[in-house]
Amino acid sequence: MILRSIRRTLQPPNPMPEGLKKNFFHLVMDIGWFGVLNATTLAFLTVYATRIHARPEQIGLLNAIPALTSILLSLPAGVYLEKRSISKSAIILGTLHRFFYLPLAFIPLLASQPAQINWILWVTLGMYIPYSTFILAFNSLFGAAVPIEWRGYFAGARNALYAVVTIVMALVSGFLLDRLTFPLGYQVVFGLGFVGAMMSTYHLGKITIPPASAVIGTASDELHEKVSLRTWLQLRFRLDILRGPFLRVLLVLTAFHFTQYLPLPLFPLYSVNELKLADQTISIGTAIFYASMFIGSLNHSKIAARFGNRWVVGVGMILLGIYPGILSLARGPELYLVASLLGGFAWSLCGGALSNYLLENVPADSRPAYLAWFSMLANVGVLAGSLLGPLVSNAIGIVAALALFAFLRAASGVAILRWG
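For every chain, the first residue of the written sequence is number 1, and numbering continues from 1 onward in sequence order. Local features in a predicted model are, by the rule used here, given only for residues with pLDDT of at least 70; side-chain atom pairs are given and counted only at 80 or more, and totals for whole chains, interfaces and linings are based on all residues. Water and hydrogen atoms were dropped before computing side-chain values, which therefore reflect all heavy atoms in the structure.

Student: A description of the pattern of salt bridges should follow, citing residues and the corresponding values.
Tutor: By definition here, a salt bridge exists when the distance from a side-chain nitrogen of Lys or Arg to a carboxyl oxygen of Asp or Glu is within 4 Å. Summed over the entire model, instances satisfying the criterion amount to four salt bridges. For the salt bridge of D279 with R51, the shortest nitrogen-to-oxygen distance reads 2.9 Å. Of this pair, D279 sits in helix α13 (residues 279-297) while R51 sits in helix α2 (residues 18-51), and the two are 228 residues apart along the sequence. Among the salt bridges present, the one from R55 reaches E57, with a minimum N-O distance of 3.6 Å. Relative accessibility thresholds used throughout: buried, under 20% of the residue-type maximum; exposed, over 50%; partly exposed, between the two (1.4 Å probe, protein chains only). Residue R55 is classed as partly exposed on the basis of its relative accessible area of 48%. Working definition: helices are DSSP H or I runs of at least four residues, strands are E runs of at least two. Numbering for both runs from the N terminus.

See below:
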């Protein structure tokens, strides 16, 4: 039944142009291998850090590092990518970023747990320095390689396969962590994550784009003339973007990321320290989350085509508030699994439509500049949420914090529907 559903999801609604089939294959394989990474290292790194007694602030910092580097580097990244090949940039920067997943497999060999936590933070910092530029290159690559009329279908198909691979690998990870001694199980799981990361990058390198889109170009000849510093900054960093209608999209998506990340540092702490869940139970919860996401992804393109990407993102975020809300009521594994089930469906909506909602508001000839502003401001929200979440939890208690953050997630979804 699952294979039949995957086949139906991957079946295009219309005959796919011959030149697009190769890109479709490699974009699907890219997300499939990324699913391996997602169900291993990305799913269990904060769990491992919690088990070696990382403090709430350290878990928050682990989530905040990607945002901090993006805030500092997003605008320079947009300038760097001007007049450069987006495909080559994606390959080089993706390889550099994902190579850092290898050292994580060896960190558990360190005798001192505080030293392990510090090294996890340093490696995470190293891997996310190239990430800020890589993600801009990838988003531009996707926009250039996939025509706008096919983006909804591509997003739905990628999300469906991503979910299936994550389900399988989450269960495999739980099995390995249950059968292997601590911390050997985590080393094997992190090693599998590295393999998935590098294979994903390999398939990105096989994507082809039209020659006219192969180089990003937004620089103006005016930059080569003598201009004032203020004019140079306005031209180079595209400050005009903040005066246009795109500003409204930037603000609601910043709120989206802020409320999305507020409860994230609390999830592993609550699951491990309060609910006392075993690794295998956490892996089952992950599998349920992505099984629900897969089911929701089956009709994603039809829902997005009927209601629009903005509606899908907003409603999805309202529903995503269910996850921390139900988790705040949990006293054992049962409600944790229920939250995973409902949260996966909600994420199939907003996660699948988010990039398409963004791209449809971005001019094709200025993607790097617009995406750089989005990346910087969205990551301001991520950074603030990741750091504030543990502070609020310490002040009012983790249960009350989860309930509060559920409400704020829903409110951000309403803001997207009203003002996005």
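Student: I'd like a description of the packing of aromatic side chains, backed by residues and values.
Tutor: Two rings from Phe, Tyr or Trp (for Trp, the six-membered ring) form a pair when their centres are within 6.5 Å of each other. A pair whose planes differ by under 30 degrees is stacked, one over 60 is edge-to-face, and the rest are tilted. Counted by the stated rule, this structure contains 15 aromatic pairs. Judged by centre distance (4.9 Å) and plane angle (50°), the ring pair of Y48 and Y186 falls under tilted. A residue pair is termed long-range when its members are at least 10 positions apart, and Y48 in helix α2 and Y186 in helix α9 (residues 184-204) qualify at 138 residues. You'll find Y48 and Y186 in the same group, each marked buried. Taking the centre distance of 5.1 Å and the plane angle of 70° together, the rings of Y128 and Y131 count as edge-to-face. On the basis of relative accessible area, Y128 is assigned to the buried category, the value being 13%. Ring-pair connections join several aromatic residues into one group, and the members of that group are F34, Y162, F267, F289, Y290 and Y323.

Student: I'd like a description of the nonpolar core, backed by residues and values.
Tutor: Proteins that are soluble and globular tend to have nonpolar side chains buried together. Residues F154, F190 and L253 are the most contacted members of the largest nonpolar core, which totals 126 residues. Here, two residues are considered to be in contact whenever any of their heavy atoms come within 4.5 Å of each other. Those residues in contact with L253 that lie beyond four places of it in its chain are L354, Y357, L358, F374 and I416. To define a nonpolar core, start from buried Ala, Val, Leu, Ile, Met, Phe, Trp, Tyr and Cys residues and group those joined through side-chain atoms within 4.5 Å.

Student: I'd like to hear about the packing of α2 against helix α12 (residues 266-274), residue by residue, with values.
Tutor: Taken N-terminus to C-terminus, the directions of α2 and α12 make an angle of 50°; their axes are 9 Å apart at the nearest point. With respect to their mutual orientation, α2 and α12 come out oblique. α2 and α12 meet at a crossing whose hand is right-handed. On α12, the residues touching T46, V47, T50 and R51 of α2 are P268, L269, V272 and N273. Each residue gets one label: Ala, Val, Leu, Ile, Met, Phe, Trp, Tyr, Cys and Pro are nonpolar, Asp, Glu, Lys and Arg are charged, and the others, such as Gly, are polar. Of the residues contributing to the contact of α2 with α12, the split by class is four nonpolar, three polar and one charged. An axis is simply a line fitted to the C-alpha atoms; with a helix, the fit covers only the stretch in contact. Between two such axes, the angle follows the N-to-C directions and lies from 0 to 180 degrees. Here the word oblique covers every angle except those under 35 degrees (roughly parallel), over 145 (roughly antiparallel) and from 65 to 115 (roughly perpendicular). Take the far helix as your reference; a near helix turned counterclockwise from it by less than a right angle gives a left-handed crossing, and one turned clockwise gives a right-handed crossing.

Student: Quick rundown of helix α19 (residues 398-419)? Include the residues and the values.
Tutor: Every helix has an expected span of 1.5 Å times one less than the residues it contains. Between its terminal C-alpha atoms α19 stretches 31 Å, which fits the 32 Å expected from 22 residues at 1.5 Å a residue. Every buried residue of α19 is accounted for by I398, A401, L402, F405, A406, R409, S412, G413, A415 and I416.

Student: Talk me through helix α6 (residues 113-128); I want residue IDs and the actual numbers.
Tutor: Because an α-helix packs 3.6 residues into every turn, residues spaced three or four apart end up facing the same way. The end-to-end C-alpha separation of α6 is 23 Å, in line with the 22 Å expected for 16 residues at 1.5 Å each. Within the span of α6, buried status applies to Q116, I117, I120, L121, V123, T124, G126, M127 and Y128.

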